[in-house]
Amino acid sequence: MFQYAAGLALARRTGHPLRVDTTALRRYNRHQGYQLPEIFSGTFQQASEWELLKTLRLNLKKGTKGSLEIDPNWQMQRGTRLIRQNTHNFWPGFNTLSGPCYLAGYWQSAQYFANAAEEVRSAFTFRTPANAQNKAFSQSIQAANSVSIHIRRGDYVSNPKALKFHGICDWSYYDQAIEIMKERLDNPTFYIFSDDPVLAKSQYPDESQFKVIDINTGADSFRDMELMAQCKHHIIANSSFSWWGAWLGQHARQIVIAPKVWFAGSSEAVCDIYQPNWQRI
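Residues numbered from 1 in each chain as written. Predicted model: local features only at pLDDT ≥ 70, side-chain atom pairs only at ≥ 80, totals over all residues. Heavy atoms only, no water.

Caption draft 1: Just the pattern of salt bridges, in detail. As enumerated under the stated definition, the model contains 6 salt bridges in all. The salt bridge involving R19 is made with E51; its shortest N-O contact spans 3.2 Å. Placement of the pair is R19 in the loop between α1 (2-14) and α2 (36-39) and E51 in helix α3 (residues 49-56), with a sequence separation of 32 residues. You can call E51 partly exposed: its relative accessible area is 27%. Here E118 makes a salt bridge to R121, at a shortest N to O gap of 3.8 Å. (Salt bridge = Lys/Arg side-chain N within 4 Å of Asp/Glu carboxyl O. Helix = DSSP H or I, 4+ residues; strand = E, 2+ residues; numbered from the N terminus. Buried < 20%, exposed > 50% of the residue type's maximum accessible area, 1.4 Å probe, protein only.)

And the structure:
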């Protein structure tokens, strides 16, 4: 989502068409794979092999089932318009880019699409209506002084490499954030979204305060983000999933609490992923 948002902003500023390259996702089987066209209302036009070759001037090789894939051993040639992100923070040179180019990186800062924020919001409008269970939760969320809590586990716990780089928000982070919300809000209700709902329920068993959303799994997991965005306030994890749940939220006086360490394994202090009014603890 960050990559698309940055690309959309650049395309609108320069007047060039936006194309999405999913070459690297052909064998990506985590988190339901690539779902943007199925989930959101934006236009996610695929880059053709010819467009990739023309822009990158790469050597291509035969891939699975006869498709063409970028050769990982390619040598950059003169005229290549490859823009490779070299920082986790905002790179000011982005605003000087012109002409067709290929953005390589994660581009995780709203500063990259600040001038196209409303168009990004429109592109990330959810495409299909929610089912009855999600509609019922939606009504509950909108009626309450609702606070989303995202407890991200998954490969952050099971994959040693992911755990080392990303780190994980511990229970003390969530407990502190919950107390801050209780101090600042009247009668808040906490809606918990997690890829480990059983653990979440065991940690926060008081159903009068905490509602664990456990109805969205598999290909429907994105519905959690849709419900998050409807909450009035947010306690996010160091995860782009809940980042977008908070950013897509429209509540005028929303409070967002975020972990002060975003990438535990980064030697660079990461600061530009946060919105200016978000509280870091």
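Caption draft 2: Fine view of helix α5 (residues 132-143). Relative to the 16 Å expected for 12 residues at 1.5 Å per residue, α5 spans 17 Å between its end C-alpha atoms, a close match to the ideal helical length. For α5, the full list of buried residues reads N134, S138 and I141. One face of α5 carries all of its buried residues, which in axial projection span an arc of 65°. For α5, the exposed residues lying more than 90 degrees away from the buried face are A132, Q139 and A143. Of the surrounding elements, those touching the buried residues of α5 are β5 (145-151), β6 (188-194) and α10 (223-230). Its side-chain oxygen at 3.3 Å from the backbone nitrogen of Q133, N131 defines the N-terminal cap of α5. (Expected span 1.5 Å × (residues − 1). Arc of directions from axis to C-beta. Contact = heavy atoms within 4.5 Å. Polar contact = N/O pair within 3.5 Å; in protein donor to acceptor, adjacent residues only side chain to side chain.)

Caption draft 3: Structural context of the sheet that holds strand β8 (residues 233-235). Strand order across the open sheet formed by 6 strands is β7-β6-β5-β8-β9-β10, with parallel pairing between neighbours. Single-partner strands in this sheet number two, and they are β7 (210-213) and β10 (279-280). Alignment of β5 against β6, held across 7 bridges, turns out to be parallel. Across the sheet, residue I149 finds its bridge partner in β6, namely I192. Contacts from helix α8 (residues 171-184) reach β5, β6, β7, β8, β9 (256-258) and β10 within the one sheet, and its direction differs from that of β8 by about 160°. (Pairing = 2+ DSSP bridges. Axes fitted to C-alpha atoms, helices over the stretch in contact; angles between N-to-C directions.)

Caption draft 4: Structural view of α10. With respect to burial, α10 is a largely interior element, 7 of its 8 residues being buried. Within α10, burial applies to R223, D224, M225, E226, L227, M228 and A229. Summarising the contacts, the buried residues of α10 are in contact with α5, β5, β6, β7, β8 and α11 (240-247).

Caption draft 5: A look at the pairing of β7. Bridge analysis of β6 against β7 gives 4 bridges, and the strand direction is parallel. When the sheet's bridge partners are listed, Y191 is paired in β7 with K211. Of the crossover connections in this fold, the one passing from β6 over helix α9 (residues 197-203) to the parallel β7 is right-handed. (Right-handed = clockwise from strand over helix to strand, strands pointing away.)

Caption draft 6: Representation of the packing of aromatic side chains. Using the criterion set out here, one finds 24 aromatic pairs in the structure. Taking the centre distance of 5.0 Å and the plane angle of 65° together, the rings of Y173 and Y174 count as edge-to-face. For the pair formed by Y173 and Y174, the shared burial category is buried. Measuring from ring centre to ring centre gives 5.3 Å for W244 and W247, while their planes differ by 75°; the resulting arrangement is edge-to-face. Of the two residues, W244 and W247 are both situated in helix α11; the distance of 3 residues between them amounts to about one turn of the helix. In this structure W247 comes out as buried when scored by relative accessible area, which is 6%. Here the aromatic cluster, defined as three or more aromatic residues joined through ring pairs, consists of F2, Y4, F40, F44, F113, F124, F126, F222, W243, W244, W247 and W278. (Phe/Tyr/Trp six-rings, centres within 6.5 Å; stacked < 30°, edge-to-face > 60°.)

Caption draft 7: Layout of the packing of α5 against α10. Contact geometry of α5 with α10 gives a least axis separation of 9 Å together with a crossing angle of 20°. In terms of orientation, α5 lies roughly parallel with respect to α10. α10 is crossed by α5, and the crossing has right-handed handedness. Contacts between α5 and α10 involve N134, F137, S138, I141 and Q142 from the former and R223, L227 and Q230 from the latter. A per-class count over the contact of α5 with α10 returns 3 nonpolar, 4 polar and 1 charged. (Parallel < 35°, antiparallel > 145°, perpendicular 65-115°, else oblique. Left-handed = near helix turned anticlockwise from the far one by under 90°. Nonpolar A, V, L, I, M, F, W, Y, C, P; charged D, E, K, R; others polar.)

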